[in-house]
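Per-entry structural report
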Amino acid sequence: MMQGKITFYLLGRALMLGALLFGLSNAARAADFTLTDSTGKVHKLSQYKGKWVLVNFWATWCPPCLAEIPDLNDLHENKKANVAVFGIALQYANPKQVIDFAEGLMVSYPIILGNPKIASQIGPVDGLPTTYLYNPQGKLVAHQLGPITKEAVEEFIRGADKTAKK
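A brief report on the enclosed structure follows.

Rules and cut-offs
Residues numbered from 1 in each chain as written. Predicted model: local features only at pLDDT ≥ 70, side-chain atom pairs only at ≥ 80, totals over all residues. Heavy atoms only, no water. Disulfide = S-S within 2.5 Å. Buried < 20%, exposed > 50% of the residue type's maximum accessible area, 1.4 Å probe, protein only. Phe/Tyr/Trp six-rings, centres within 6.5 Å; stacked < 30°, edge-to-face > 60°. Helix = DSSP H or I, 4+ residues; strand = E, 2+ residues; numbered from the N terminus. Pairing = 2+ DSSP bridges. Axes fitted to C-alpha atoms, helices over the stretch in contact; angles between N-to-C directions. Contact = heavy atoms within 4.5 Å. Parallel < 35°, antiparallel > 145°, perpendicular 65-115°, else oblique. Nonpolar A, V, L, I, M, F, W, Y, C, P; charged D, E, K, R; others polar.

Side note on the state of the cysteines
Going through the model one piece at a time under the given rule, you end up with one disulfide. Across the disulfide from Cys62 sits Cys65; the S-S distance is 2.3 Å. Given an S-S torsion of about 75 degrees, the disulfide between Cys62 and Cys65 has right-handed geometry. Its relative accessible area of 1% is what places Cys65 among the buried residues.

Section: the packing of aromatic side chains
Taken as a whole, this structure holds five aromatic pairs when the rule is applied. Ring centres of Phe57 and Tyr132 lie 6.3 Å apart, and the angle between their planes is 85 degrees; this geometry places the pair in the edge-to-face category. Of this pair, Phe57 sits in strand β3 (residues 52-58) while Tyr132 is found in strand β6 (residues 130-134), placing the two residues 75 residues apart along the sequence. There is no split in this pair, since Phe57 and Tyr132 are both buried.

Overview of the sheet that holds β6
If you trace the five strands from one edge of the open sheet to the other, you get β5-β4-β3-β6-β7, paired in mixed fashion. Looking at the sheet topology across the chains shown, the edges are occupied by β5 (111-113) and β7 (140-145). If you compare each strand with its neighbour and ignore which way they point, the axes differ by 20 degrees on average. Of the pairings in the sheet, the one linking β3 to strand β4 (residues 83-89) comprises seven bridges and is parallel in character. Of the residues in β4, the one forming a bridge with Val55 is Phe86. Packing of helix α2 (residues 63-77) onto the sheet brings it into contact with β3, β4 and β6, and relative to β3 it is tilted by some 160 degrees.

Here we look at the pairing of β7
Alignment of β6 against β7, held across five bridges, turns out to be antiparallel. Bridge pairing links Tyr132 to His143 in β7. Taken together, β6 and the strand that follows it, β7, pair antiparallel across an intervening segment of five residues, in which Gly138 is found at a positive phi of about 85 degrees.

Points about the packing of α2 against helix α5 (residues 150-165)
With their axes 9 Å apart at the nearest point, α2 and α5 run at an angle of 40 degrees to one another. For the element pair α2 / α5, the angle class is oblique. Of α5, the residues touching α2 (which contributes Asp71, Asp74 and Leu75) are Lys150, Glu151, Val153 and Glu154. For the contact of α2 with α5, a count of residues per class yields two nonpolar, no polar and five charged.

Okay, here's the thing in structure tokens:
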């Protein structure tokens, strides 16, 4: 019974924060960040023109971060959503532990072993989780400190797409 209340609380909080903070809009052009994932593949923002790009900072010890993973997997795997997801792990002692942890949770999106230099390419990380969203033109359009949901991201994208078509 207690686990159900905790799950409901986390979901409610994630939805509330997603609705409040994903409305941030910023027309500034993003720097062409470069991220190398845990398999050695290099990803540049400019390679993802035409796709939404979601960058999520997380840690293995962070319960709200872990609660986001299923939704982030769904966004990444849903071709209709047109979203590339990147998870940047911070505050870890052992890189292998992060990789094993992500594999154990069946994370389907690229995992980057982060550090302050990598984070500085994206933006401030004042807490975890922190998420940045770039539109298909490579512009930063949303930033959130706190958990996000698939529904909040999809709603933001639908709203942005409607505005762009007007």
